[in-house]
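# Analysis of the macromolecular model
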2 protein chains.
Amino acid sequence: MVTLSEENYLKTIFHLGRHDKASVSTNAIAQKMETKASSATDMIKKLSEKGLVDYQKYKGVQLSENGRLAAISVIRKHRLWEVFLVNKLSFSWDEVHEVAEQLEHIKSEKLTLELESFLDYPTQDPHGDPIPDSNGSIPSTQKLLLAKVKQGHQCICVGVKDSSSEFLKYLDKYKIALGSQIKVISKEAYDESMTVKINDIQKTISKEVAQNLFVKTN
Amino acid sequence: MVTLSEENYLKTIFHLGRHDKASVSTNAIAQKMETKASSATDMIKKLSEKGLVDYQKYKGVQLSENGRLAAISVIRKHRLWEVFLVNKLSFSWDEVHEVAEQLEHIKSEKLTLELESFLDYPTQDPHGDPIPDSNGSIPSTQKLLLAKVKQGHQCICVGVKDSSSEFLKYLDKYKIALGSQIKVISKEAYDESMTVKINDIQKTISKEVAQNLFVKTN
DNA sequence: ATAAATTTTTAGTCTTATCTAAACTTTAAG
DNA sequence: CTTAAAGTTTAGATAAGACTAAAAATTTAT
């Protein structure tokens, strides 16, 4: 039995260890969890005793196979619930996270499977992040940052890198959503801003925005 | 802020105090919560300090107005989620309770309202219990026990009194569900059993069953 | 290569919710 | 109306998860 708190730590370790697969530091975990390093150490010990992480004092942690599966299970539920909130109830991009943080801990294999079926087996959540399947496999997405798209090329918005409320509100404001057609009209070398046509409306966007929007070229 | 455990106690006190509106005893609470009387006393004190119950030592508790509203809010969510599980996902009568016990604690006013709208403002859960509205008003249902129905009369199944898994499985087995048409063919004075026609199939049911099935005459 | 800075761990405390055992009220029986 | 039984509360302990302060290990910088 994995507690709610343990699930949150596992999720955090998963996200922190995602890109570089070196071990994750106590401080990094504490920071992400908005708690103190000593609390993180306590929890790491507990997770280690339960065989969910590999841990060596002062050397950080890595998820074990069981820990990875537990983390992915929570992430799977989080993302499925986000799809539910946006597609079935009328939640917007920036409202789903807090609620999904609660729903992700509901324990019922049947519920998760039925929900997935009810939603027609989505492969991405409303932020464009992939939804793991029931075996824990994560579908790979070949998305790239809008900033990398060449002038004159056309693409579709498939996700965000920064999923902060501020950024999502910005996107809402300019009607940029998943599936929006984006054509790169011109790029400015000086400040890396670019002029794009989004849903047939022309607009100049900053480097900050272009570097936080995932797109798929077609 | 009301904790998960507090919500469960409030719900239990609400249910226990429902019929006779005298105060609810510590032992009764402990028994329903499957905990010890001393634990119940501790929690009662905490709820009392928070102004959610009126409490006098050795005299039991009653919900305060705030406590009643908090309890009803949890019950409202529980019943809405049960409707969701049965109507939208393919859960059966006897599978919903455990999951709804978890879902009822999700805190999001918006979620509850959107869910209610998504489900088309149901007034009853799958067991026929009324769903409180967002102001905490509980729609009254004029349901009666099948055992009270006179010979020759026709009625519709609207709920169960006993919502144990065993009873619900029994009902599933004989295809008795919410909305089933039931006609009382004859009643046996000796053992209070009755012969009924359910969905055009004739069957004899015992006193135990007839006294645990709510119906509405039409 | 060693001192300073940073990171991590340990030790001890707190809160929530639970338990057991003992003490105290209330109720019920005779 | 007194006493036994039943019900309730208190006192003291435990486990999970978090915190502070201090000690220990590691890294960085001189």
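That block above? That's the structure.
Keep in mind that what you see is a predicted model, and the values were worked out from it rather than measured.

## Looking at empty space enclosed by the protein
Residues and elements named next belong to chain A.
- Enumeration over the complete set of coordinates arrives at one cavity of 30 Å³ or more.
- A volume near 40 Å³ is recorded for the largest cavity.
- As for the largest cavity, its lining consists of Lys 77, Leu 80, Trp 81, Ile 106, Ser 108, Leu 111, Thr 112 and Leu 115.
- Taken together, the residues that form the lining of the largest cavity break down as five nonpolar, two polar and one charged.

## Re the pattern of salt bridges
- Counted under the stated rule, the structure contains 20 salt bridges over all chains.
- With its nearest N and O atoms 3.0 Å apart, the salt bridge here joins Glu6(A) to Lys50(A). Note that Glu6(A) is positioned in helix α1 (residues 4-17) and Lys50(A) in the loop between α3 (37-49) and β1 (53-55), a separation of 44 residues in sequence.
- Since its relative accessible area comes to 0%, Glu6(A) is described here as buried.
- Residue classification places Lys50(A) among the partly exposed residues on the basis of a relative accessible area of 41%.
- Note that Glu6(B) is salt-bridged to Lys46(B), the shortest N-O span being 2.7 Å. Of this pair, Glu6(B) sits in helix α1 (residues 4-17) while Lys46(B) sits in helix α3 (residues 37-49), and the two are 40 residues apart along the sequence.
- For Lys46(B), a relative accessible area of 34% gives the class partly exposed.
- Connected through shared salt-bridge partners, Glu6(A), Lys46(A) and Lys50(A) make up one network.

## Section: unusual backbone geometry
Residue and element names in this part refer to chain B.
- Backbone geometry at Glu 34 places phi at a positive 55 degrees, although glycine is not the residue there.
- Inspection of the secondary structure assignment puts Glu 34 in the loop between α2 (26-33) and α3.
- We classify Glu 34 as exposed; its relative accessible area is 75%.
- Unlike most non-glycine residues, Asp 120 shows phi in positive territory, near 65 degrees.
- According to the relative accessible area criterion, Asp 120 is exposed, its value standing at 62%.

## Overview of the relation of the copies chain A and chain B
- In screw terms, the move from chain A to chain B is a rotation of 180 degrees and a rise of 0.1 Å along the axis, fitting with an RMSD of 0.1 Å. Put plainly, the chains are arranged around a two-fold axis. Considering only C-alpha atoms, the residue of chain A closest to the rotation axis is Leu103(A), which sits at 3.8 Å.
- Most of the interface of chain A is mirrored in chain B, where 100% of its interface residues again form contacts.

## Overview of the packing of aromatic side chains
- What the rule picks out here adds up to 11 aromatic pairs over all chains.
- Relative to Phe84(B), the ring of Phe118(A) has its centre 6.1 Å away and its plane inclined at 85 degrees; by these criteria the two rings are edge-to-face. Here the residue Phe118(A) occupies a position in helix α6 (residues 109-118), and Phe84(B) occupies one in helix α4 (residues 65-88), the pair thus bridging two chains. Each member of the pair, Phe118(A) together with Phe84(B), is buried.
- When the ring of Trp81(B) is compared with that of Phe84(B), the centres are 5.5 Å apart and the planes differ by 85 degrees; the resulting orientation is edge-to-face. Of the two residues, Trp81(B) and Phe84(B) both sit in helix α4, three residues apart, roughly one turn of that helix.
- Residue Phe84(B) is classed as buried on the basis of its relative accessible area, which comes to 0%.
- Grouped by ring-pair contacts, the aromatic residues Trp81(A), Phe84(A), Phe118(A), Trp81(B), Phe84(B) and Phe118(B) constitute a single cluster.
- A cation over an aromatic ring shows up here: Lys110(B) above the ring of Phe91(A), its NZ or CZ 5.1 Å from the ring centre.

Cut-offs used in this document
- Residues numbered from 1 in each chain as written.
- Chains lettered and ligands numbered in written order.
- Predicted model: local features only at pLDDT ≥ 70, side-chain atom pairs only at ≥ 80, totals over all residues.
- Heavy atoms only, no water.
- 1 Å grid on protein atoms, 1.4 Å probe; cavity = no way out; pocket = protein on both sides within 12 Å on 5 of 7 lines; lining within 4 Å.
- Points joined across faces, edges and corners; volume = space filled by probe spheres on them.
- Nonpolar A, V, L, I, M, F, W, Y, C, P; charged D, E, K, R; others polar.
- Salt bridge = Lys/Arg side-chain N within 4 Å of Asp/Glu carboxyl O.
- Helix = DSSP H or I, 4+ residues; strand = E, 2+ residues; numbered from the N terminus.
- Buried < 20%, exposed > 50% of the residue type's maximum accessible area, 1.4 Å probe, protein only.
- Least-squares fit on C-alpha atoms with pLDDT ≥ 70 in both.
- Contact = heavy atoms within 4.5 Å.
- Phe/Tyr/Trp six-rings, centres within 6.5 Å; stacked < 30°, edge-to-face > 60°.
- Lys NZ or Arg CZ within 6 Å of the ring centre and 35° of its normal.

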